[in-house]
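Chain by chain, the residues run as shown.
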Amino acid sequence: MASILDFVRRKPAPAARSDVSGFLEDFSIEVMPRTAAKIADFRALLPAGTRVYLAHIDGTPFDEMLAAARRLTDEGFAVMPHMPARGIASAAELEARTAAYADAGIRQALVIAGGIATPRGPFTEALQLLRSGVFDRHGFTHLHVAGHPEGNADIDPAGGDGRALAALKAKADFQAETDAAMAITTQFCFEMAPVVAWADRIRAAGVTLPVHLGVAGPAKLQTLLRFALSCGVGPSLRVLQRRAADLTTLMLPFEPTHFLAELAAHKAAHPDFPVARVHFFPLGGIAATTGYAGATLARPQRARA
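Residues numbered from 1 in each chain as written. Predicted model: local features only at pLDDT ≥ 70, side-chain atom pairs only at ≥ 80, totals over all residues. Heavy atoms only, no water.

K.L.:
Pulling in residues and values, what's your account of the sheet that holds strand β2 (residues 51-54)?
P.N.:
The 8 strands are arranged β1-β2-β3-β4-β5-β6-β7-β10 in a closed barrel whose pairing can be described as parallel. Ignoring which end each strand starts from, the neighbouring axes of this sheet average 30 degrees apart. Here strand β1 (residues 28-31) runs beside strand β10 (residues 275-281); their pairing, made up of 2 bridges, is parallel. Across the sheet, the residue bridging to S28 is H279, located in β10. Contacts between helix α9 (residues 192-204) and the sheet are confined to β5 (142-147), β6 (181-189), β7 (211-216) and β10, with β6 contributing the most and set at about 150 degrees to the helix. (Pairing = 2+ DSSP bridges. Helix = DSSP H or I, 4+ residues; strand = E, 2+ residues; numbered from the N terminus. Axes fitted to C-alpha atoms, helices over the stretch in contact; angles between N-to-C directions. Contact = heavy atoms within 4.5 Å.)

Here it is, written out as C-alpha cells:
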C-alpha cells in the first residue's frame with residue numbers, strides 16, 4: 001500500500017503530468033472567512049468564475065460567513081457556502097440564512113450534517129435541509145452533498161460505510177425532487193485504491209451523482225498529518241503510525257501530483273469513473289495551493305504515449 005512519502009518520492013512520467021493539467025480544469029477550492037480575509041484580492045490567485053467553497057466552522061458568526069461570501073461574489077467567483085444542518089437552530093434561521101445568501105447573489109450550497117455532536121435545533125442531517133424546500137424557494141441552482149471515500153466515524157462509528165452509503169443514496173434520490181444540479185464533494189484523500197473502491201461501492205448502491213474529489217494542496221508533511229488526524233483520514237493515520245519513530249520524515253514537502261496523475265490516468269482508462277473535478281483543500285495555505293494549480297494548468301500539453 002502506498003504511503004504519503006510516495007507522493008514526495010515517486011515522480012510521474014511526463015505524459016501523466018500532461019493528463020494532470022487537463023484533469024484540473026474547473027477545479028474548486030475551499031476557504032474559511034478568517035483565511036480569506038488574509039487575501040487582498042482573490043482575482044490575483046484564481047481564474048474568474050472558480051467555485052469557492054466557504055467552510056462554516058462551528059463558532060464562526062454567520063455575519064462573517066455572509067460578508068466573506070459577498071466579497072468573493074463581488075470578485076467574480078461562484079461561492080458555495082457550507083450549510084451545516086446541526087448548527088442551525090430553527091426553520092426560521094435556515095430560511096433567513098438561505099435568503100441572505102440569495103440576496104448576495106449566491107445560488108449554490110454544500111449541504112452537510114455538520115460535525116456537531118448535539119444539534120442546536122431540529123435538524124440532524126443534510127437530507128432534512130434538502131427536503132425543506134428552502135433552496136428551491138430561493139432559486140439555488142447547485143446543491144452538493146458530502147462524500148467520505150475513507151469512511152466517517154460520525155456516521156458509521158463501528159467502521160465500514162453501510163450507513164454512510166445509505167445516507168448518500170437517499171441524498172442522491174433527492175435529485176428527482178429538485179431542479180438544482182447535484183454532486184458529491186468529498187473529504188481529502190491520498191490513495192488511489194480507496195477512491196476507486198468507494199466509487200465502485202456508490203455506483204453499486206445506485207448513486208449516480210458526479211464526484212468532486214477532495215485533494216490536499218501543497219503543504220509541509222507535518223501540517224498534512226495534523227489535519228489528517230483531526231479529520232480521520234485513514235491513510236494518513238497509518239502513515240503517522242509507521243513513521244512516528246522517524247521525525248525527520250515530517251519535514252519532507254508534499255505535493256499531490258502523483259495522486260492526481262493516477263486519477264487522470266484512471267479516468268482516461270475508465271470514462272465512467274465518477275470523479276468529474278478536483279476540489280482543493282489548501283492545507284498549506286491558499287496562495288501555495290492556487291500557485292500549484294496555476295503552474296500545473298500552465299504546463300504545455302504533450303501528446304500521450
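K.L.:
How would you explain the packing of helix α4 (residues 62-74) against helix α5 (residues 91-103) if you had to name every residue and give the values?
P.N.:
Running from N to C, α4 and α5 point in directions that differ by 20 degrees, and their axes come no closer than 10 Å. In this view, α4 runs roughly parallel relative to α5, as classed from their interaxial angle. The handedness of the crossing between α4 and α5 comes out as right-handed. Where α4 abuts α5, its residues F62, M65, L66 and A69 lie against R97, A100 and Y101. Along the lines of polarity and charge, the residues of the contact of α4 with α5 split into 6 nonpolar, no polar and 1 charged. (Parallel < 35°, antiparallel > 145°, perpendicular 65-115°, else oblique. Left-handed = near helix turned anticlockwise from the far one by under 90°. Nonpolar A, V, L, I, M, F, W, Y, C, P; charged D, E, K, R; others polar.)

K.L.:
Pulling in residues and values, what's your account of helix α8 (residues 162-173)?
P.N.:
Taking 1.5 Å of rise per residue, the 12 residues of α8 would be expected to cover 16 Å, and the 17 Å separating its terminal C-alpha atoms lies within 8% of that figure. By the burial criterion, the buried members of α8 are A164, L165, L168, K171 and A172. Burial along α8 is one-sided: seen end-on, the buried residues are contained in an arc of 125 degrees. Exposed and oriented more than 90 degrees from the buried face of α8 are G162 and R163. (Expected span 1.5 Å × (residues − 1). Buried < 20%, exposed > 50% of the residue type's maximum accessible area, 1.4 Å probe, protein only. Arc of directions from axis to C-beta.)

K.L.:
Quick rundown of the packing of α9 against helix α12 (residues 257-269)? Include the residues and the values.
P.N.:
Put simply, α9 and α12 touch, their axes get as near as 10 Å, and they point 35 degrees apart. Here the hand of the crossing between α9 and α12 comes out right-handed. Between α9 and α12, the residues in contact are M192, V195 and V196 and F259, E262, L263 and H266, respectively.

K.L.:
Which residues make up the packing of aromatic side chains, and what values do they have?
P.N.:
On inspection of all chains with the given rule, the structure shows 7 aromatic pairs. Aromatic side chains F42 and F77 sit 6.5 Å apart centroid to centroid with 75 degrees between the ring planes, which places their arrangement in the edge-to-face category. Here the residue F42 occupies a position in the loop between α3 (33-36) and β2, and F77 occupies one in the loop between α4 and β3 (78-84), the gap between them amounting to 35 residues. When its relative accessible area of 5% is taken as the criterion, F77 is described as buried. Cluster of aromatic residues (ring-pair linked, three or more members): F27, F280 and Y292. (Phe/Tyr/Trp six-rings, centres within 6.5 Å; stacked < 30°, edge-to-face > 60°.)

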